[in-house]
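Analysis of the macromolecular model
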Number of protein chains: 2
Amino acid sequence: MTVLVLTSEEDVTADMVIRHLAAAGTPVLRLDPADCPGRVDFAARITAGGGVVGHIATELGRVDFADIRSIWVRRPGPPGRYADVQPEWVALETERAFYGALRALDVPWMNPPEAVAGTQYKVAQLVTARRVGMTVPASLFATIPEEAAQFARAAEDLIVKSVSGRHPENPPLTFPTSRVEAGADFSGVSHSATCLQHEVRAVAHLRLTMVGTRLFPCFITPPAGVLDWRFEPTENCQWEIKSIPPELRKSALEFMAAYGLVYGALDFAITEEGEFYFLEVNAKGQFGFVELQTRAPISEAIATWLTEPRSQLSCWG
Amino acid sequence: MTVLVLTSEEDVTADMVIRHLAAAGTPVLRLDPADCPGRVDFAARITAGGGVVGHIATELGRVDFADIRSIWVRRPGPPGRYADVQPEWVALETERAFYGALRALDVPWMNPPEAVAGTQYKVAQLVTARRVGMTVPASLFATIPEEAAQFARAAEDLIVKSVSGRHPENPPLTFPTSRVEAGADFSGVSHSATCLQHEVRAVAHLRLTMVGTRLFPCFITPPAGVLDWRFEPTENCQWEIKSIPPELRKSALEFMAAYGLVYGALDFAITEEGEFYFLEVNAKGQFGFVELQTRAPISEAIATWLTEPRSQLSCWG
């Protein structure tokens, strides 16, 4: 049976996983839904009995719906790339039909689409993290300047970050997480919802990559004073896989279960006292750079999950 | 405690429900998130203990998060209506922060946002309906002309409808459900995903409005030959609340539970033999016209659910 991989052509990280699937002899169909219709096409028939019968056809191959073993969603583009007439309409109709057919199949997804949608709200992430026993930084989400000023007065050190977490480089609308100076003017908060946090005095960071129930805890030490290691050249940081406290492992698994995620990249700030502050989860977070820096076998774990979606609890490193 | 109503100013159907809430003395705050920031503002603070503390302020009033009893999402606009600088960015950041704060509260929603998102895929709706025991029409979703032609050959009568179900009037991109003539040319199917169905020879239609576990089954008889009663003037149709078979009631409740919906408008076509064919659910479907035509107390049931979200199973009519 075939693993269906939905991602863009330029996604090289997917190749890391596909190499393991190929080595194990598992058939793979990789495609970008952006190419539908045109270079990717499909037909899904609902029978009176209620099943879905049909197939997807691409230039590289064809797969019957009944032959799909699992679905891996990496970085697909929106359908309708080649639509020249009413492109928005084609994109909407094709997205609903293509993903609707896949959603109707009884196969495991990494990740289920609803689970990913649920993680897009950082306020709720922090509350969920707290509920499963993690420590979270005091945070404010607001459009009211006086509330921001009051929150700032209660902070030793204050940072501002994007609410949505959209990457600052594309489009260049946002900024990396930044420190806010004492006595700052908060009147601009009335123009857009703003996220302020009490800064966690971190001596190191944890990027916890989770694949099913396998945990890859990577400790990252950036140069002193760097607030957001993700915007630092990798060679400037130290990377090390180390074990994490069993309570944190348990909380992380409960967090994933609460969202219905089977893949996630969780970020924590670690204080001198060894406290882990949960910052956020990215359900589509990159893993290639962690594997390259530490040799943690993440891509192999993903390939294994896609082949046998019921992997056992384990902690590498 | 307050019922929070998220909808546009021009939504008159919301007034029907708010009237019942007011009569019962239940405080209501009605607002459109489109007015945030500017005429609607908020502050949500995550405490170290993990709770959400804060409030929403509008020109009409203010509510503390701790005082929100339930949330009714009707027809809200996207945040950021008044943003003059970087409006897309403001809309995204504010949507994530505002709805994130509300999602972090432990209160019932009509409907939960993830539940609504899940219903947007008609292919999956049909398969879910079949799984809970409903009858569904043979349907094809495809971008492949030969598959469409083959499906057409197996049909006595064939119809084409929008996949997404977007309303045809706004924007005028789509069409009402239409019959397809024998011998039609299907080459256009390659331009966009298309939904074809074997026509159910309906003598009447059922609009089943569900509020929690209360069912309002409205039988609609349009003039002979009319395929889609929703585009027919209401006075041309007969409207009648009647009971439905217990198996259908059971299936409808299971369908709602499968999606996590507490409100839904389900449409069925009824054949001469009395068979109910499930066509679709609309999680944001209108109910005002059913209440006006039949006096079914739907708005009262919604008000009751928003006040006491654990209503008992019953069937009106």
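Residues numbered from 1 in each chain as written. Chains lettered and ligands numbered in written order. Predicted model: local features only at pLDDT ≥ 70, side-chain atom pairs only at ≥ 80, totals over all residues. Heavy atoms only, no water.

1. So, the overall build of chain A
- The number of helices and strands found in chain A is eight helices and 17 strands.
- For a compact globule of 317 residues, the expected C-alpha radius of gyration is about 20 Å, and chain A comes in at 22 Å, within 12% of that figure.
- Seen through its principal axes, chain A has C-alpha atoms that stretch 65 × 45 × 35 Å.
- For chain A, contacts bridging at least 24 residues in sequence account for 67% of all contacts bridging at least 6.
- Accessible surface for chain A amounts to roughly 13700 Å². Of this, 49% is attributable to carbon and sulfur atoms.
- Averaging the locations of the 28 positively and 38 negatively charged side chains of chain A gives two centres separated by 4 Å. (Helix = DSSP H or I, 4+ residues; strand = E, 2+ residues; numbered from the N terminus. Rg over C-alpha atoms; globule rule 2.2 N^0.38 Å. Contact = heavy atoms within 4.5 Å. Areas by Shrake-Rupley, 256 points an atom, 1.4 Å probe, with all protein chains shown as cover. Lys, Arg positive; Asp, Glu negative; His and termini not counted. Charge placed at Lys NZ, Arg CZ, Asp CG, Glu CD.)

2. A closer look at the relation of the copies chain A and chain B
- Rotating chain A by 180 degrees and translating it 0.0 Å along the rotation axis places it on chain B, where the RMSD comes to 0.0 Å. Both copies are brought into coincidence by an operation consistent with a two-fold rotation axis. Identified as the residue of chain A closest to the rotation axis by C-alpha distance is Glu114(A), at 3.2 Å. (Least-squares fit on C-alpha atoms with pLDDT ≥ 70 in both.)

3. As for helix 6 (residues 246–259) of chain B
Residues and elements named next belong to chain B.
- Between its first and last C-alpha atoms helix 6 spans 20 Å; for 14 residues at 1.5 Å apiece the expected length is 20 Å, and the two agree.
- When helix 6 is considered as a whole, its buried residues turn out to be Leu248, Ser251, Ala252, Phe255, Met256 and Tyr259. In a view along the axis of helix 6, the buried residues occupy a sector of 135 degrees, so they form one face of it. Projecting away from the buried face of helix 6 at angles above 90 degrees are the exposed residues Pro246, Glu247, Lys250 and Ala257.
- Where helix 6 is buried, its residues touch helix 3 (113–118), helix 4 (122–131), strand 12 (202–211), strand 15 (263–271) and strand 16 (276–282).
- Residue Gly260 follows helix 6 closely and has a positive phi angle near 75 degrees. (Expected span 1.5 Å × (residues − 1). Buried < 20%, exposed > 50% of the residue type's maximum accessible area, 1.4 Å probe, protein only. Arc of directions from axis to C-beta.)

4. Considering the domain arrangement of chain A
Residues and elements named next belong to chain A.
- Once the domains are mapped, chain A shows domain 1 (2–107), domain 2 (110–134 + 202–317) and domain 3 (138–199).
- For the domain 2 and domain 3 pair, buried surface summed over both sides reaches about 950 Å², with 64% attributable to carbon and sulfur atoms.
- Contact with domain 3 buries area across many residues of domain 2, yet Lys122, Leu227 and Phe231 alone supply 58% of it, more than any other trio.
- Counting the contacts that link domain 2 with domain 3 gives zero salt bridges.
- For the pair domain 2 and domain 3, the number of links is one residue pair in polar contact (both at pLDDT 80 or more).
- Take the side of domain 2 that touches domain 3: its biggest share by element is three residues, from helix 4 (residues 122–131).
- Residues of the side of domain 2 that touches domain 3, tallied by class, amount to five nonpolar, one polar and two charged. (Domains from an automatic or database assignment. Buried area = accessible area lost by both parts, 1.4 Å probe. Salt bridge = Lys/Arg side-chain N within 4 Å of Asp/Glu carboxyl O. Polar contact = N/O pair within 3.5 Å; in protein donor to acceptor, adjacent residues only side chain to side chain. Nonpolar A, V, L, I, M, F, W, Y, C, P; charged D, E, K, R; others polar.)

5. Let's talk about the pattern of salt bridges
- Counting across every chain of the model gives 28 salt bridges over all chains.
- Put simply, Arg81(B) and Asp32(B) hold a salt bridge, and the shortest N to O gap is 3.2 Å. Taken together, the residues span a long stretch of sequence, with Arg81(B) in the loop between strand 6 (68–73) and helix 2 (87–103) and Asp32(B) in the loop between strand 2 (28–31) and strand 3 (40–46) at a distance of 49 residues.
- One salt-bridge network, held together by shared partners, links Glu9(A), Arg39(A) and Glu59(A).

6. A few points about the environment of Phe42(A)
- Relative to the elements of secondary structure, Phe42(A) occurs in strand 3 (residues 40–46).
- Here the alpha-carbon distance between Phe42(A) and Gly274(A), two residues 232 residues apart in the chain, equals 52 Å.
- When neighbours within four sequence positions are excluded, Phe42(A) is seen to be in contact with Cys36(A), His55(A), Ile56(A), Ala97(A), Phe98(A), Phe141(B), Ala142(B), Thr143(B), Ile144(B) and Ala193(B).

7. Overview of the packing of helix 4 of chain B against helix 6 of chain B
All names here are of chain B.
- At a closest axis distance of 9 Å, the pairing of helix 4 and helix 6 adopts a crossing angle of 130 degrees. Classed by the angle they form, the pair helix 4 and helix 6 counts as oblique. When you trace helix 4 past helix 6, the crossing you get is right-handed. Along the contact surface, helix 4 presents Ala124, Gln125, Thr128, Ala129 and Arg131, while helix 6 presents Phe255, Ala258 and Tyr259. (Axes fitted to C-alpha atoms, helices over the stretch in contact; angles between N-to-C directions. Parallel < 35°, antiparallel > 145°, perpendicular 65-115°, else oblique. Left-handed = near helix turned anticlockwise from the far one by under 90°.)

8. Here's the deal with the state of the cysteines
- Across all of its chains, the model carries zero disulfides over all chains by this definition.
- Between Cys195(A), a free cysteine, and Cys36(B), which holds the nearest cysteine sulfur, the sulfur-to-sulfur gap is 15 Å. (Disulfide = S-S within 2.5 Å.)

9. Section: the environment of Glu247(B)
- Within the element layout of this structure, Glu247(B) appears in helix 6.
- Each C-alpha atom, one on Glu247(B) and one on Ala44(B), is 45 Å from the other, the two residues being 203 residues apart in sequence.

10. As for the interface of chain A and chain B
- Contacts between the two partners involve 59 residues from chain A and, on the opposite side, 58 residues from chain B.
- Taken together, the two surfaces of chain A and chain B that pack against each other cover about 5100 Å², and 63% of this comes from carbon and sulfur.
- Counting every contact that joins chain A to chain B gives zero salt bridges.
- Where the side of chain A that touches chain B is concerned, the elements lending two or more residues are strand 3, strand 4 (52–58), helix 2 (87–103), helix 4, strand 8 (139–142) and helix 5 (145–153) of chain A.

11. Describing the side chain of Lys161(A)
All names here are of chain A.
- Examined against the element boundaries, Lys161 turns out to sit in strand 9 (residues 158–161).
- No salt bridge is formed by the buried Lys161; its nearest oppositely charged neighbour, Glu280, is found at 4.9 Å.
- Engagement of the side chain of Lys161 in a polar contact is seen with the side chain of Gln197, the distance being 3.2 Å.

12. Considerations on unusual backbone geometry
Residues and elements named next belong to chain A.
- At the junction of Cys36 and Pro37, the peptide bond is cis and its omega measures out at -10 degrees in the coordinates.
- By the secondary structure assignment, Pro37 is in the loop between strand 2 (28–31) and strand 3.
- Its identity as a non-glycine residue notwithstanding, Gln86 has a phi of 45 degrees, on the positive side.
- In this fold, Gln86 is placed in the loop between strand 6 (68–73) and helix 2.
- In the Ramachandran plot, Arg295 falls in the positive-phi region, its phi being about 65 degrees despite a non-glycine side chain.
- Here Arg295 shows up in the loop between helix 7 (288–294) and helix 8 (298–307).

13. Some points on helix 5 (residues 145–153) of chain B
All names here are of chain B.
- Of the positions making up helix 5, those classed as buried are Pro145, Ala148, Phe151 and Ala152. Each buried residue of helix 5 lies within a common arc of 125 degrees when the element is viewed along its axis, so the set occupies one face. Pointing more than 90 degrees away from the buried face of helix 5 are the exposed residues Glu146 and Arg153.

14. Details of the sheet that holds strand 1 (residues 2–6) of chain A
Residues and elements named next belong to chain A.
- The strand order across the open sheet built from four strands is 2-1-6-7, with neighbouring strands paired in parallel fashion. At either margin of the open sheet sits one strand with a lone partner, and together these are strand 2 and strand 7 (109–110).
- Across four bridges, strand 1 lies against strand 2 in parallel orientation. From the neighbouring strand, Leu6 faces strand 2, where its bridge partner is Leu31.
- Along the sheet face, helix 1 (residues 12–23) touches strand 1, strand 2 and strand 6 and points at about 165 degrees away from the line of strand 2.
- Contacts from helix 8 reach strand 1, strand 6 and strand 7, with the element oriented near 140 degrees to strand 6. (Pairing = 2+ DSSP bridges.)

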